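Chain and residue survey
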Amino acid sequence: MLEQLDKEYVLHTYARNYVNFKKGINATLFDDKDRDYIDFTSGIGVVSVGHGNKEVAKAICNQVQNITHISNLYGIEPQAKLAQKIAKLANMDVATFFANSGAEANEGAIKIARKYGKTKYDGKRYKVITLEHSFHGRTITTVKATGQESFHSPNFAPYPDGFTYNMAIDDIYNSIDDETVAVMIELVQGEGGVQPFEKEAVQELAKFLKQRDILLIIDEVQTGVYRTGEFLASNLYEIEPDVITMAKGLGGGVPIGAVVTTHKDIFEPGDHGSTFGGNYLCTTSANKVLELLEEYKDAGKLDETIISFGAKLNEIFEKYPNIFIAQVGLGLMRGLRVKDADLLKKVIATAFEEGVLVLKAGRNTLRLLPPLTISKEEINEGFKRLDNALAKIG
Ligand SMILES: *Cc1c(COP(=O)(O)O)cnc(C)c1O
């Protein structure tokens, strides 16, 4: 029924699995036949505080019984408080624009860069450098910013100009020219294969760019909101970028994007906007998510969870050298490189049969993005099921 409806009425942009989930509790999901699954995906890094989180639900419920949306023509108290909270947790002197998704947040970041080049360099600087294997979104501009040729399908041409790609951080130095306004990178490439960059290399790049007044934009749509163990991966890398974008884990499942910048006066009224961005619903949810995660981090529970998860992951990695070739990632953004893409496909399908949800990244990386609040029992059960699946494969 679900499959039939979906295929008939929903546009075919996803290769879908038609399990019909009905209920969720933290990192456990139940389908319409009451089968349970351990969720090592958290909806691709979104459900940061788990499924069916009662405190988030209560906060949302209280808010939407009153006001869901007003428009950005008026001040919105939970939005202002959320912006303040982001600045406090980031420990930076920043202001935020709220959007509705990661791609939209990156669009905002690119607009900041363009305006910076226009006002300070008379428009002579406009180019944004990004990296191969990056992922920045699916709008026409952010897909062009994404450094993967396979994303630049001629079906959607023409694309906007002003993007160049580099293979690695070290190559960025050579391709900077008089027209470069910004460099945009992830600190751990998510979709590209859960690949973290070296801290020293990033710090050196940040310093170099600052000396030349070239903006550093860090796409933290996936790494942000404690995913790597700190509020921002930028905190972990000890850098102060000009612009940081966030989205996935921020709303706990409610759509929200954020463009956070130290250039607090770059925009003036009319420069940018969004109908839904930062409304009462999404900012109320995000405020509760950040409140819960700040407590969780301060109580040492996030670090404990990262250690438990990492230990189990390591066991699996060492037990199956015939399947896995490397361990990658940071915090609760982890990956295991699989020998080849076909084998990875088999691992994901068999894991599903055994009742554990896992993701793919890049060509051959098994990616794990559990809810940050996953319990020890759920970690143990999830890895037991993954082990069963791997044993079946060989
Ligand atoms: C998911 C992701 C995006 C796109 O976010 P959407 O909300 O799907 O638009 C952008 N950048 C990174 C690093 C991501 O992981």
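Predicted model only: the values in this text are computed from it and were never measured. (Residues numbered from 1 in each chain as written. Predicted model: local features only at pLDDT ≥ 70, side-chain atom pairs only at ≥ 80, totals over all residues. Heavy atoms only, no water.)

Digging into the site of the ligand
Every residue near the ligand is listed here: S101, G102, A103, N106, F135, H136, G137, E186, D219, V221, Q222 and K248. A103 places a main-chain nitrogen or oxygen 2.8 Å from an oxygen atom of the ligand. One nitrogen or oxygen atom from the side chain of Q222 is found 2.7 Å from an oxygen atom belonging to the ligand. When the free accessible area of the ligand is taken as 380 Å², the share hidden by the protein chains comes to 81%. With 3 residues, the single largest contributor to the shell around the ligand is helix α5 (residues 102-121). Here the shell around the ligand is built from residues that sort into 3 nonpolar, 6 polar and 3 charged. (Near = heavy atom within 4 Å. Polar contact = N/O pair within 3.5 Å; in protein donor to acceptor, adjacent residues only side chain to side chain. Areas by Shrake-Rupley, 256 points an atom, 1.4 Å probe, with all protein chains shown as cover. Helix = DSSP H or I, 4+ residues; strand = E, 2+ residues; numbered from the N terminus. Nonpolar A, V, L, I, M, F, W, Y, C, P; charged D, E, K, R; others polar.)

Here's the deal with the domain arrangement of the chain
Partitioning the chain into domains gives domain 1 (56-298) and domain 2 (303-338 + 347-366 + 389-393). Averaged C-alpha coordinates put domain 1 and domain 2 at centres separated by 28 Å. The interface is formed by 18 residues belonging to domain 1 together with 15 residues belonging to domain 2. Of the roughly 1200 Å² buried where domain 1 meets domain 2, counting both sides, 61% is carbon and sulfur surface. (Domains from an automatic or database assignment. Contact = heavy atoms within 4.5 Å. Buried area = accessible area lost by both parts, 1.4 Å probe.)

Overview of the packing of helix α3 (residues 54-64) against helix α10 (residues 280-298)
The contact between α3 and α10 brings their axes to 9 Å, and the two run at 150°. When the axes of α3 and α10 are compared, the pair comes out roughly antiparallel. Crossing of α3 against α10: the hand is right-handed. Residues E55, V56, A59, I60, Q63 and V64 of α3 pack against Y280, L281, T284, S285, K288, V289 and L292 of α10. Class assignment for the residues of the contact of α3 with α10 results in 8 nonpolar, 3 polar and 2 charged. (Axes fitted to C-alpha atoms, helices over the stretch in contact; angles between N-to-C directions. Parallel < 35°, antiparallel > 145°, perpendicular 65-115°, else oblique. Left-handed = near helix turned anticlockwise from the far one by under 90°.)

Remarks on the nonpolar core
F40, V183, I185, F231, F324 and F383 are the most contacted members of the largest nonpolar core, which totals 86 residues. No other element matches the 7 residues that α10 contributes to this core. In terms of domain composition, this core takes at least three residues from each of domain 1 (56-298) and domain 2 (303-338 + 347-366 + 389-393). Excluding residues within four positions of it along the chain, F383 makes contact with F40, F309, K312, L313, I316 and L368. Grouped together as the second largest cluster of nonpolar side chains are 19 residues, A109, I112, A145 and A182 included. (Core = buried A, V, L, I, M, F, W, Y, C linked by side-chain atoms within 4.5 Å. Buried < 20%, exposed > 50% of the residue type's maximum accessible area, 1.4 Å probe, protein only.)

Focus on the packing of helix α12 (residues 341-354) against helix α13 (residues 376-393)
Running from N to C, α12 and α13 cross one another at 130°; their axes reach a closest spacing of 8 Å. In this view, α12 runs oblique relative to α13, as classed from their interaxial angle. The interaxial crossing formed by α12 with α13 has right-handed handedness. Between α12, through L343, K346, V347, T350, A351, E353 and E354, and α13, the contact on the second element is made entirely by R385, L386, N388, A389, L390, K392 and I393. Here the contact of α12 with α13 is built from residues that sort into 7 nonpolar, 2 polar and 5 charged.

As for helix α8 (residues 199-211)
In this model α8 runs 19 Å from its N-terminal to its C-terminal C-alpha over 13 residues, within 8% of the 18 Å that 1.5 Å per residue would give. Burial in α8 covers these residues: V202, L205, A206, F208 and L209. The buried residues of α8 occupy an angular sector of 165° when the element is viewed end-on, so they sit on one face. Facing away from the buried side of α8 by over 90 degrees, the exposed positions are E200, E204, K207, K210 and Q211. Elements that come into contact with the buried residues of α8 comprise α7 (169-175), β7 (180-185) and β10 (215-219). Among the residues trailing α8, D213 stands out with phi positive, at a value near 60°. (Expected span 1.5 Å × (residues − 1). Arc of directions from axis to C-beta.)

Details of the sheet that holds strand β13 (residues 324-330)
One open sheet holds the 4 strands; their spatial order is β13-β14-β17-β16, and the pairing between them is antiparallel. Two strands bound the open sheet, and with one partner strand each, they are β13 and β16 (359-361). In this sheet, adjacent strand axes meet at a mean angle of 30° when their direction is disregarded. Pairing of β16 with strand β17 (residues 365-368) involves 3 bridges; the strand directions are antiparallel. Paired with A361 across the bridge in β17 is T365. Across the sheet, α12 lies against β14 (333-338), β16 and β17, angled at about 35° from β17, the strand it touches most. (Pairing = 2+ DSSP bridges.)

Some points on the packing of aromatic side chains
Evaluated as defined, the whole model comprises 8 aromatic pairs. Summarising the aromatic geometry, the rings of F40 and F383 are spaced 5.0 Å apart at their centres and angled 50° between planes, so their arrangement reads as tilted. Taken together, the residues F40 in the loop between β3 (36-39) and α2 (42-45) and F383 in helix α13 connect sequence positions 343 residues apart. An identical accessibility class is assigned to F40 and F383; each is buried. Through a chain of ring-to-ring contacts, the aromatic side chains of F21, Y37 and F352 assemble into a single cluster. Above the plane of the ring of Y121 lies R125, whose end atom (NZ or CZ) is 3.9 Å from the centre. The ring of F208 is capped by R212, whose NZ or CZ atom sits 3.7 Å from the centre of that ring. (Phe/Tyr/Trp six-rings, centres within 6.5 Å; stacked < 30°, edge-to-face > 60°. Lys NZ or Arg CZ within 6 Å of the ring centre and 35° of its normal.)

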